[in-house]
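Listed here are the chains, written in short residue letters.
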Amino acid sequence: MIPRYAPVAVAVFLVMIAIGLLTAPLTTWNGNIPIMLFFIMGGVLMVMMNSSMRMMVRDASKTVLLDSGHRESSHGLAPLCDVDLGGEPWPPASLYLVGGGSAYAFSMKDKHAVQVRKSSIEKLGEDTLIVYAPTQPLPGYFVKSLAPHESDQLARANYSGFVAEKDTESILHYSLLDSLHGIDSQALRQLQAFIANRHGKVGADEAVRVRKGDRAIIDSFRVLAARARSRTKRESVAKFFNGGGGAANEDLQANADKERVN
Amino acid sequence: MGLNKYVKATPSQVATMMIIGIGLALTALTFQVGIRMPWLVFLAFIFGSGTAGYYLFVVGVKFYSFLVVTENYRTTTFHPRVKVVWDEGWKTHLGLVFAGGYNSPGKLLSWPDIEKPGGMAKRGKVAELFVTADPFMIESVANTRFLVIRGKSRECNHWETAAFFKRPSIQAAIGDEVDGIKRLYWVMSSTSLHPDDVSPESLASVMRGPSDLDDLASLFQRWQAEYRMTNEQEEERVMRGLHNIEKSRSGRSKAPAQVTVHEGKEESTDE
């Protein structure tokens, strides 16, 4: 089958040949191009290509559309974890890895996750998954509290790029509701937000501390000690200029102590 | 200072590193080695790089744009726009969905599906039009951010497209816009329309209403309290150990006192 754009491609090729023949004499005009200019241009091009190629791969990968307005890409549309049983008070839920993709012989790990009710998911065609749930984009760290069992699976699967730690870019799209079957209202959304806000971070912190044991307490002492020893900005500036020593700094030290305490 | 927080170096070391860095940068920028090549090739290289960069960037722009999705095709749109047209010849309602442009405020670029007369996009002919056999095959998700067309789309050829646009109902509805439309897709039927596989009974068995989430909240509350209790016990154990260390270091905890008994009277040698 001849591609639709074949005539256009042939025409462009012929035009380029013609331009090349017409401008052949110009190619003898040589110039001395600084090699650093090439390096700088190459660097800029590589940075642009890096981010753009990622988007290109994500764009051509399988798509997950969330009712909260997010569009995510994914390696595949099979759930990482599928809980059929449900049971009071837990609804049957599915966990998907999203955010990466595979296309054009490139592949990227999924770094986000979607955990939603199983009944709120619908597959459209082969490449699209629609999630009819008002998902909340929460920090990935919250998964340790809201879905502790799944968090271990997320973090340990060797094809997962999800990082369930603080201050990472991983996002957990979380919902307990199902707009498709009418399990959705403003009161329920508020309650879902309450659960996420009330138990997300605090529960994750407590769970991490339990796992760390006495190490967590020693670490907290270290943080407190480092905080007590750290210089204030004024101290740092003074030390930069005069080494921080001398009797003139006594007032400064006293003020710094006040700042630390306050 | 912020610098000292992250860079473990003295100010003199930082100053030295800055001087060396600036020196290296100056050396690099004034490096006099060059490549001798035709200017035309150099200009072609710049033009090619810029074009490739632009098209790759537009792909990223399209990723965050409004979407139109069918069962086998996905495209972007400037703004979700759906029109329902009554076709007198076929005695049916047709659903028209416009697509082809893109709109991503965070990425600076946008391009309308069909611009008003005189606009650039009309000359560019980028627009796509989806025609559904039933307007109810069109569904909006996420407050019209995504338009879902439930069916397989099939692209019409040139003659089919021209014949469709000549229909009186289409001429009356979008006659002034058809010149800007590049591709026409028909969506006749769906292969995935099916009754929901979750019956109301089974739904009711797993979800009674808001009380379920209340139960869930109280379960989280209980677990959190138990975690905290475990942590407090652990903390108490460590603190007790630290307290013992502190006592032994300060010398208050010596060897057990030697107690001798003299004629029924206790005397301690510890004093």
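So, how was this worked out
- Here the residue index of a chain counts from 1 through its sequence in written order.
- Lettering of chains starts at A and numbering of ligands starts at 1, both following the order in which they are written.
- Given that the model is predicted, a residue must reach a pLDDT of at least 70 before its local features are reported, and side-chain atom pairs must reach 80 or more before they are shown or counted; all residues, however, enter totals for whole chains, interfaces and linings.
- Numbering of helices and strands runs from the N terminus, with a helix taken as a DSSP run of H or I at least four residues long and a strand as a DSSP run of E at least two residues long.
- Here exposure depends only on C-beta density: within 10 Å of a residue's C-beta, 20 or more other C-beta atoms make it buried, 12 or fewer make it exposed, and intermediate numbers make it partly exposed, the C-beta atoms being placed from the backbone.
- Two residues form a contact once the distance between their C-beta atoms, set from the backbone, is within 7 Å.
- In this classification, the charged set is Asp, Glu, Lys and Arg, the nonpolar set is Ala, Val, Leu, Ile, Met, Phe, Trp, Tyr, Cys and Pro, and all remaining amino acids, among them Gly, are polar.
- For two strands to count as paired, DSSP must find a minimum of two bridges between them.
- Working convention: axes come from line fits to C-alpha atoms, limited for helices to the stretch in contact. Angles between N-to-C directions cover 0 to 180 degrees.
- A clockwise turn of the near helix away from the far one marks a right-handed crossing, whereas an anticlockwise turn of less than a right angle marks a left-handed crossing.
- The term nonpolar core refers to a set of buried Ala, Val, Leu, Ile, Met, Phe, Trp, Tyr and Cys residues connected through C-beta atoms within 7 Å.
- One number per residue, pLDDT, summarises how confident the predictor is, and it ranges from 0 to 100.
- To estimate the expected span of a helix, subtract one from its residue number and multiply by 1.5 Å.

So, the overall build of chain B
- From N to C terminus, chain B includes eight helices and 14 strands.
- With 271 residues in all, chain B has 21% of them scored as buried.
- Considering only contacts in chain B between residues 6 or more positions apart, those separated by 24 or more positions represent 64%.

What about the overall build of chain A?
- In terms of helices and strands, chain A carries eight helices and 12 strands.
- Residue burial in chain A is summarised as follows: out of 262 residues, 32% are buried.

Quick word on the interface of chain A and chain B
- Of the residues lining the interface, 64 residues belong to chain A; the matching set on chain B comes to 54 residues.
- Where the side of chain A that touches chain B is concerned, the elements lending two or more residues are β1 (30-34), α2 (35-60), β2 (62-66), β10 (128-131), α5 (186-212), α6 (214-229) and α7 (233-242) of chain A.
- In terms of residue class, the side of chain A that touches chain B is built from 34 nonpolar, 20 polar and 10 charged.
- One ladder, built from five bridges, connects β1 of chain A with strand β1 (residues 34-38) of chain B; its direction is antiparallel. Within β1 of chain B, the position partnered with glycine 31 of chain A by the bridge is methionine 37 of chain B.

Description of the packing of α2 of chain A against helix α3 (residues 39-63) of chain B
- Relative orientation of the contacting elements α2 of chain A and α3 of chain B amounts to 35 degrees, with a least axis distance of 8 Å. By crossing handedness, the relation of α2 of chain A to α3 of chain B is classed as left-handed. Counting all contacts with α2 of chain A, which are made through Met41, Leu45, Met48, Met49, Ser52, Met53, Met55, Met56, Arg58 and Asp59 of chain A, the residues of α3 of chain B involved are Ser49, Gly53, Leu56, Phe57, Val59, Gly60, Lys62 and Phe63 of chain B.
- Classifying every residue of the contact of α2 of chain A with α3 of chain B by side-chain character gives 11 nonpolar, four polar and three charged.

So, the nonpolar core
- Ala113 and Val131 of chain A together with Phe130 and Ile149 of chain B are the most contacted members of the largest nonpolar core, which has 68 residues in total.
- Element by element, the count of residues in this core is highest for strand β5 (residues 93-98) of chain A, at five residues.
- Once residues lying within four places of it in the same chain are set aside, the contact partners of valine 131 of chain A are Val64, Leu65, Leu66, Asp67, Val114, Val116, Ser120 and Ile121 of chain A.

A look at unusual backbone geometry
Residues and elements named next belong to chain B.
- The residue asparagine 143 is not glycine, and still its phi comes out positive at about 55 degrees.
- On the secondary structure map, asparagine 143 appears in the loop between β9 (138-141) and β10 (146-149).
- You can call asparagine 143 exposed: it has 10 C-beta atoms within 10 Å.
- Residues other than glycine seldom take positive phi values, yet threonine 144 does so here, at roughly 70 degrees.
- Tracing the sequence through the fold places threonine 144 in the loop between β9 and β10.
- On the basis of neighbour counts, which here come to 13 C-beta atoms within 10 Å, the residue threonine 144 falls in the partly exposed class.

Notes on the environment of glutamate 160 of chain B
- Assignment of secondary structure puts glutamate 160 of chain B in helix α5 (residues 158-165).
- Linking glutamate 160 of chain B and valine 68 of chain B, residues 92 residues apart in sequence, is a C-alpha distance of 22 Å.

Describing the confidence of the model for chain B
- Across chain B, the average pLDDT comes to 78, with 77% of residues at or above 70.
- Model confidence for the complex: the whole-complex pTM is 0.72, and ipTM, which rates the interface, is 0.71.

Looking at the sheet that holds strand β12 (residues 181-187) of chain B
Residue and element names in this part refer to chain B.
- Here five strands make up an open sheet; going across it, the order is β4-β5-β8-β12-β11 and the pairing mixed. Whereas interior strands pair on both sides, the edge strands pair on one side only; in this sheet they are β4 (81-87) and β11 (153-155). Averaged over neighbouring strand pairs, the angle between their axes works out to 30 degrees when direction is ignored.
- Strand direction decides the pairing type here: β4 and strand β5 (residues 92-99), joined by seven bridges, are antiparallel. Its bridge partner being in β5, aspartate 87 is matched across the sheet by threonine 92.

A look at the sheet that holds β10 of chain A
All names here are of chain A.
- Within the open sheet, the four strands sit side by side as β3-β2-β10-β9. Their pairing is mixed. With one partner strand each, in any of the chains shown, β3 (71-74) and β9 (121-124) form the two edges of the open sheet. Ignoring strand direction, the axes of neighbouring strands in this sheet form an average angle of 25 degrees.

Points about the environment of valine 210 of chain A
- Relative to the helices and strands, valine 210 of chain A resides in helix α5.
- Valine 210 of chain A sits in the partly exposed class, given 16 other C-beta atoms within 10 Å.
- With residues up to four places along the chain from it excluded, the contact list for valine 210 of chain A reads Tyr227, Thr230 and Asn231 of chain B.

Digging into the pairing of β10 of chain A
All names here are of chain A.
- Burial along β10 is two-sided: the face carrying Thr128 and Ile130 and the face carrying Leu129 and Val131 are both buried.
- In terms of strand pairing, β2 meets β10 through four bridges, oriented parallel. Within β10, the residue paired with leucine 65 across the bridge is isoleucine 130.
- Between β9 and β10, which pair antiparallel in sequence order, lie three residues; one of them, glycine 125, sits at a positive phi of approximately 65 degrees.

As for the environment of glutamate 128 of chain B
Residues and elements named next belong to chain B.
- Along the chain, glutamate 128 falls in strand β8 (residues 127-132).
- In this structure glutamate 128 comes out as buried when scored by C-beta crowding, with 22 C-beta atoms within 10 Å.
- Those residues in contact with glutamate 128, other than ones at most four positions away along the chain, are Thr75, Ala99, Gly100, Lys182, Arg183 and Tyr185.

Structural notes on α3 of chain B
- Over its 25 residues, α3 of chain B runs 37 Å from end to end, which matches the ideal 36 Å to within 8%, given 1.5 Å per residue.
- Of all the positions in α3 of chain B, only Gly60, Val61, Lys62 and Phe63 of chain B are classed as buried.
- Packing partners of the buried residues in α3 of chain B comprise α2 of chain A together with β3 (74-77) and β6 (102-103) of chain B.

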